[in-house]
There are 2 protein chains.
Amino acid sequence: MRKISGNTFLSDPPKQLVLEKGFRFHHGQTIAPFTIVYETFGELNAEKSNAILVCHALSPSAHAAGKYTGAQDEKPGWWDGLVGYGKGVDLDCFFVVCVNFPGSPYGTTSPASIDPRTNKPYGSRYPWPAVEDMVHAEKVVLDHLGITHLRSIVGGSLGGMQVLLWCACHPGMADSIVAMSTGAAVPVEGVAWHVIGRKIIEADPRFRGGDYYDGTEPLRGLEVARMVGHMTYLSTHALQTKFGRRRRANTRQFEIDSYFEHQGKKFATIYDANSYVRVQAAMDEMDLEEQYGSLQSAFRSWRGRTLLISFDTDWLFPPEESESVVGAMRSLGIDAHHLRLMSNNGHDSFLIDYDLITPPVREFLSRL
Amino acid sequence: MRKISGNTFLSDPPKQLVLEKGFRFHHGQTIAPFTIVYETFGELNAEKSNAILVCHALSPSAHAAGKYTGAQDEKPGWWDGLVGYGKGVDLDCFFVVCVNFPGSPYGTTSPASIDPRTNKPYGSRYPWPAVEDMVHAEKVVLDHLGITHLRSIVGGSLGGMQVLLWCACHPGMADSIVAMSTGAAVPVEGVAWHVIGRKIIEADPRFRGGDYYDGTEPLRGLEVARMVGHMTYLSTHALQTKFGRRRRANTRQFEIDSYFEHQGKKFATIYDANSYVRVQAAMDEMDLEEQYGSLQSAFRSWRGRTLLISFDTDWLFPPEESESVVGAMRSLGIDAHHLRLMSNNGHDSFLIDYDLITPPVREFLSRL
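Everything numeric here is computed off the predicted structure, so don't read it as measured data.

Attention shifts here to the interface of chain B and chain A. The interface is formed by 36 residues belonging to chain B together with 36 residues belonging to chain A. Counting every contact that joins chain B to chain A gives 14 salt bridges. The partner of Arg245(A) in a salt bridge is Asp287(B), and the shortest N-O contact between them spans 2.8 Å. Linking chain B with chain A are 18 residue pairs in polar contact (both at pLDDT 80 or more). For the side of chain B that touches chain A, the secondary structure elements donating two or more residues are α3 (188-203), α4 (220-233), α5 (236-242), α6 (255-270) and α7 (273-285) of chain B. When its residues are assigned to classes, the side of chain B that touches chain A shows 21 nonpolar, 3 polar and 12 charged.

Below, the structure is given as structure tokens:
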């Protein structure tokens with residue numbers, strides 16, 4: 001790995017960990033063999049004591065930062081604004097691991113992967129993963145790398161939900177966590193939109209319950225469901241200033257309509273409908289309060305330093321969701337802080353507002 | 001018409017006005033013959049000087065109040081809480097007219113009506129109405145009834161948009177208006193959800209561009225689009241208190257999911273998909289600022305007393321939309337007032353919170 005021009009760097013290609021005995025999902029099913037794809041960034045020190053786990057959200061992959069090939073890569077990894085040399089998660093100090101979680105279509109065995117027993121994609125037979133499976137896959141990779149302790153676990157949105165679940169499942173693993181734009185459960189508004197999105201996909205006759213891989217066209221249901229998802233990421237202010245009621249030049253089509261079509265089509269060519277319905281359902285199912293009886297019970301063994309970051313215009317995970325997590329932790333004597341930031345970028349602020357999040361994250365990690 | 005037990009009354013059956021020469025739509029097409037269905041409530045006085053026009057919204061019909069048959073009617077008309085003897089719009093004083101507008105499926109010639117030239121439903125060949133057509137149909141009925149002047153024009157949501165358009169198109173017609181949960185244009189968030197709803201319906205292969213009347217099953221696309229619509233009517237508070245993250249007893253299904261399925265299926269059996277896409281598109285197309293250059297220009301000839309009522313949790317038409325209408329009117333010297341009410345019922349507050357809206361409406365109309 002070497003730094004390249006600008007403030008990005010050449011990243012290693014994705015790595016594969018093949019579990020010949022398979023991966024046992026939280027709800028009981030096993031897929032064997034099972035491949036987990038992950039990437040690492042920076043250098044692991046001799047004591048293996050400088051590792052940070054970065055957890056990705058619904059749409060990204062394990063490619064958190066850097067470019068594989070330099071100029072040919074159109075874009076660097078999805079969190080290149082935060083993870084890099086001299087950045088918020090500073091690769092001059094830390095070794096970063098990012099694992100593509102089960103259910104995601106970016107390399108790890110997924111619904112679109114070929115089942116060696118049938119030579120067909122798993123499709124509808126792929127298990128419905130839980131966030132526990134995401135955490136479990138991350139743990140398996142860390143074990144494989146011989147990393148028994150983490151300096152921190154960092155993520156946003158569904159990535160942040162994994163971070164919180166880590167505190168509950170493996171409270172001794174990390175010195176600290178940083179969770180952004182997230183909560184201990186998706187509030188009802190998000191659940192409602194996710195449920196509608198799944199119904200849109202399931203109503204697409206070409207979806208056929210998830211066994212659609214003999215088709216080549218992207219699914220219209222996934223395109224439209226993604227538009228619903230997009231709405232939950234945008235703030236009212238962004239909608240008003242970026243689009244308002246404006247029309248495309250010389251047409252009556254609303255600009256927001258044209259934008260949705262573009263985003264929906266783009267997403268449906270790179271993402272997989274079976275993954276989409278499963279990953280969103282996993283988000284909706286996680287509920288630390290329900291699963292542990294209370295947030296206090298969920299975090300009763302966690303002792304690490306904690307930073308939650310929320311954004312005032314995020315209506316998928318409003319700041320109150322972070323506040324209740326931090327409140328529960330503080331009642332347990334945990335050194336937990338909630339940074340509530342102002343941004344017009346809604347839920348996606350954690351992927352956009354690097355000027356806002358870099359200083360507090362850098363300072364938080366430097367004090368470990 | 002006579003009062004029956006409780007605080008409702010027996011209403012007359014719907015009336016039909018058949019336009020043999022047809023109805024010419026705002027965008028140029030004509031359907032002939034064309035039937036307009038309307039209802040009247042209370043007694044028109046000899047001078048024909050006590051009439052109030054009530055404009056209905058997307059889902060209701062001309063049946064604004066009362067019961068047709070008494071106890072057999074499960075429910076009274078859609079605004080029975082406001083319109084009746086001794087109520088906010090008091091039938092002891094006023095004669096109320098409500099017209100089923102073109103595009104709606106409740107009696108007036110609609111996409112589901114049989115085209116006498118083909119003996120098949122109009123389907124995809126039915127014009128895309130504008131809010132101007134709704135106002136025009138109302139004007140045609142009033143002309144037919146010999147009513148040349150109105151004491152007031154009253155409506156909520158799309159009904160309120162018609163009310164505002166009346167001020168622009170026929171500024172001399174009424175002494176006053178009352179418009180609730182509305183605005184001079186649908187803000188971008190509402191447009192975005194409407195656009196997504198239309199895409200959901202259009203993606204249903206059984207919709208076939210609007211020519212689906214040989215099928216008997218309700219369209220799944222309409223069911224799911226209605227769920228999207230429902231989300232825009234509910235407040236966050238209502239979602240949290242009515243549903244939260246609760247599951248149906250002994251299942252993992254979220255209660256909000258079960259509620260959506262119930263509402264979607266109920267709506268798709270009584271409403272028509274061609275009507276839904278057309279009426280929502282008409283809402284989205286109306287934009288008094290765009291059409292008249294400014295709100296001041298739109299209301300430049302209006303002189304009547306004006307009451308706008310908004311609700312703090314309505315995010316389809318937030319109170320700012322009423323405020324900008326009233327602000328424009330006041331800058332023209334119009335006697336315009338904006339009453340901003342607090343309710344947890346979101347956009348639908350105008351159909352629910354009769355304790356809040358009855359006193360100001362009653363007082364406003366009594367001072368005419």
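Tallied over the entire structure, the rule returns 35 aromatic pairs over all chains. For the pair Trp193(A) and Trp193(B), a centre-to-centre distance of 3.7 Å together with 0 degrees between the ring planes defines the contact as stacked. Within this pair, whereas Trp193(A) is found in helix α3 (residues 188-203), its partner Trp193(B) is found in helix α3, the two belonging to separate chains. For the residue pair Trp193(A) and Trp193(B), the accessibility class agrees, reading buried in each case. Arranged with centres 4.4 Å apart and planes meeting at 35 degrees, the rings of Tyr212(A) and Tyr213(A) form a pair that is tilted. Assessed through its relative accessible area of 9%, Tyr212(A) is described here as buried.

Scanning all chains against the criterion turns up 2 cavities of 30 Å³ or more. Taken as a whole, the largest cavity holds about 40 Å³ of empty space. Lining of the largest cavity is provided by Thr236(A), Gln240(A), Pro187(B), Val188(B), Glu189(B), Trp315(B) and Pro318(B). Contributing elements (two or more residues each) for the lining of the largest cavity: α5 (236-242) of chain A together with α3 of chain B.

Before going further, it helps to examine the domain arrangement of chain A. All names here are of chain A. Along its sequence, chain A is carved into domain 1 (4-187 + 291-366) and domain 2 (190-282). The distance between the C-alpha centroids of domain 1 and domain 2 comes to 24 Å. Listed per partner, the contact involves 31 residues of domain 1 and 29 residues of domain 2. Between domain 1 and domain 2 lies a buried interface of about 2400 Å² when both sides are counted; carbon and sulfur atoms form 63% of it. The largest per-residue losses of area from domain 1 upon contact with domain 2 belong to Leu58, Trp128 and Trp315, which jointly make up 27% of the total buried on that side. At the boundary of domain 1 with domain 2, the tally comes to 0 salt bridges. Classifying every residue of the side of domain 1 that touches domain 2 gives 20 nonpolar, 10 polar and 1 charged.

Thresholds, definitions, all that
- Residues numbered from 1 in each chain as written.
- Chains lettered and ligands numbered in written order.
- Predicted model: local features only at pLDDT ≥ 70, side-chain atom pairs only at ≥ 80, totals over all residues.
- Heavy atoms only, no water.
- Contact = heavy atoms within 4.5 Å.
- Salt bridge = Lys/Arg side-chain N within 4 Å of Asp/Glu carboxyl O.
- Polar contact = N/O pair within 3.5 Å; in protein donor to acceptor, adjacent residues only side chain to side chain.
- Helix = DSSP H or I, 4+ residues; strand = E, 2+ residues; numbered from the N terminus.
- Nonpolar A, V, L, I, M, F, W, Y, C, P; charged D, E, K, R; others polar.
- Phe/Tyr/Trp six-rings, centres within 6.5 Å; stacked < 30°, edge-to-face > 60°.
- Buried < 20%, exposed > 50% of the residue type's maximum accessible area, 1.4 Å probe, protein only.
- 1 Å grid on protein atoms, 1.4 Å probe; cavity = no way out; pocket = protein on both sides within 12 Å on 5 of 7 lines; lining within 4 Å.
- Points joined across faces, edges and corners; volume = space filled by probe spheres on them.
- Domains from an automatic or database assignment.
- Buried area = accessible area lost by both parts, 1.4 Å probe.

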